[in-house]
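The residues making up each chain are set out below.
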Amino acid sequence: MTESSQPDGTRLRLARQARGLSQQQLAGVAGVTRQAVSAVESGHSDPSLRVALGLARALGMTVEELFGPGDLGDPVLARPVAPVSSPGSRVALATVGDAFVALPLDTDLAARLGFSAAGGLMVRGGEHQIAVRPIGPPRPTVVVAGCDPALPLLETPLALLDPPLAFAWWPCTSGEALRLAADGLVHAAGVHRVGPGEVHDGAGIPGGAEAVGFASWREGLVVRPGAQVRGLDDVARQGLRLVNREPGAQARTLLDRERLRLGLEPSQLPGYDSLAAGHLQVAAAIVGGLADAGVSSEPAALAYGLDFIPLAEERFDLLLPSKHAASREVQGLLKVLTSPWLLAQLASLPGYDASRCGERPA
């Protein structure tokens, strides 16, 4: 190799560290010696063509990206999973297939208990693609969309793989998760079972998809402790304020099914047009006094100390698009779904049944 724009090996070191690899681990994957990796990173020698090709392949980069001229932070084109508000907005950056995808980090939907690490900053917007300036080398990342608040538990076992994988979660309805999978923007879409004994066949996802079990729980009406409520008819009769989910959410579908069974109109349920972005948000709205009742999962009700009136048994599956099945990200995800650590964590959550986690439904 000829002289690069970063002869001190900073680019190689950053790329290795971003993937959580030691020099020895990178050397093993690349088929070179640890001394060769150390020498290149320290700037003591330029890599031979064989070493450069091995290192680039192991890091999922081209030789030009790893050793050629140019700033590591040059913008890349990425497909956003949702609109990004403005230039300078923080996004999580990952690759799905051959394309970069960006997950906004400046919306309530993507918020957790604190700020999440950003993969880049948007420098130019667009309807279907945006330009993102990476903050360090993009890491191999499993991207999952869906509404189950237990999905972030995947992050720890993925990080413990050798080599490790990062994790990005986009919380959304089953319908939105399916759309993102069909558009090639996620490695896995979390969806509810549509009925007893039924499985998702990946219809609408180009090339099809495989369904893998994640968790089961009950879904139903959630109210404050001690409320004199036995069902949705009591909510309507007492004029209690409802907090609803967004269109496409299974909880909203369940609410409408129960409403129609009881012959209730939306106008008879104050707050019917309100929107909450997830199971925990419904429970939080009730605890915070913004609403009196809503449809959510039993684990969410238990987590917030609320009363729960069951309406349905739910199974939550992960749909894995076939076109990504052989990818390192999907293979890593399948491996951790049956890990003892994840199974123990899911089992520790009140209201969760993890017995089918990692199972291919028949």
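Definitions and cut-offs
- Residues numbered from 1 in each chain as written.
- Predicted model: local features only at pLDDT ≥ 70, side-chain atom pairs only at ≥ 80, totals over all residues.
- Heavy atoms only, no water.
- Buried < 20%, exposed > 50% of the residue type's maximum accessible area, 1.4 Å probe, protein only.
- Helix = DSSP H or I, 4+ residues; strand = E, 2+ residues; numbered from the N terminus.
- Pairing = 2+ DSSP bridges.
- Axes fitted to C-alpha atoms, helices over the stretch in contact; angles between N-to-C directions.
- Parallel < 35°, antiparallel > 145°, perpendicular 65-115°, else oblique.
- Left-handed = near helix turned anticlockwise from the far one by under 90°.
- Contact = heavy atoms within 4.5 Å.
- Nonpolar A, V, L, I, M, F, W, Y, C, P; charged D, E, K, R; others polar.
- Arc of directions from axis to C-beta.
- Phe/Tyr/Trp six-rings, centres within 6.5 Å; stacked < 30°, edge-to-face > 60°.
- Lys NZ or Arg CZ within 6 Å of the ring centre and 35° of its normal.

Caption draft 1: Structural detail: the pairing of strand β5 (residues 130–134). Burial within β5 is extensive, with 4 of its 5 residues counted as buried. In the sheet, strand β1 (residues 76–80) pairs with β5 via 3 bridges, with the strands oriented antiparallel. Counted as the bridge partner of Ala78 is Ile130 from β5. Both strand β4 (residues 120–124) and β5 contribute to a ladder of 4 bridges, which runs antiparallel.

Caption draft 2: Summary view of the packing of helix α2 (residues 23–30) against helix α3 (residues 34–42). Close contact between α2 and α3 brings their axes to 8 Å; oriented N to C, the two are set at 115 degrees. Between α2 and α3, the interaxial angle falls into the category roughly perpendicular. When you trace α2 past α3, the crossing you get is right-handed. Of the residues in α3, those in contact with Gln23, Gln24, Leu26 and Ala27 of α2 are Arg34, Val37, Ser38 and Glu41. Taken together, the residues that form the contact of α2 with α3 break down as 3 nonpolar, 3 polar and 2 charged.

Caption draft 3: Geometry of α2. Among all positions of α2, only Gln23, Leu26, Ala27 and Ala30 are buried. An end-on view of α2 places all buried positions within 100 degrees of arc, on one side of the element. Positioned one or two residues after α2, Gly31 has a phi angle of 75 degrees, which is positive.

Caption draft 4: Representation of the packing of aromatic side chains. What the rule picks out here adds up to 3 aromatic pairs. Each ring, one from Phe214 and one from Phe316, has its centre 6.3 Å from the other, and the planes form 70 degrees; the classification is edge-to-face. Of this pair, Phe214 sits in strand β9 (residues 209–223) while Phe316 sits in strand β12 (residues 307–321), placing them 102 residues apart in sequence. Of the two residues, Phe214 and Phe316, both sit in the buried class. Each residue in the set Phe214, Trp217, Phe316 and Tyr352 is aromatic and connected to the rest through ring pairs, giving one cluster. Taking NZ or CZ as reference, Arg252 lies 5.1 Å from the ring centre of Tyr272, over its face.

Caption draft 5: View of the sheet that holds strand β6 (residues 141–146). Ordered by their spatial adjacency, 7 strands build an open sheet running β7-β6-β8-β12-β9-β11-β10, and the pairing between neighbours is mixed. Each edge of the sheet is formed by a strand with only one pairing partner; in this case those strands are β7 (166–171) and β10 (242–243). Summarising the sheet, β6 and β7 pair through 6 bridges and their orientation is parallel. From the neighbouring strand, Ala145 faces β7, where its bridge partner is Trp170. Sheet contacts for helix α9 (residues 250–261): β8 (188–192), β9, β10, β11 (293–297) and β12; angle to β12, the most-contacted strand, approximately 135 degrees. Packed onto the sheet, helix α12 (residues 328–337) meets β6, β8, β9 and β12 and runs at close to 140 degrees relative to β12.

Caption draft 6: Quick look at the environment of Gln35. Tracing the backbone through its elements, the reader meets Gln35 in helix α3. When its relative accessible area of 51% is taken as the criterion, Gln35 is described as exposed. Sequence separation of Gln35 and Gln24 is 11 residues, and the distance between their C-alpha atoms is 8.7 Å.

Read these as spatial facts, not as claims about activity.
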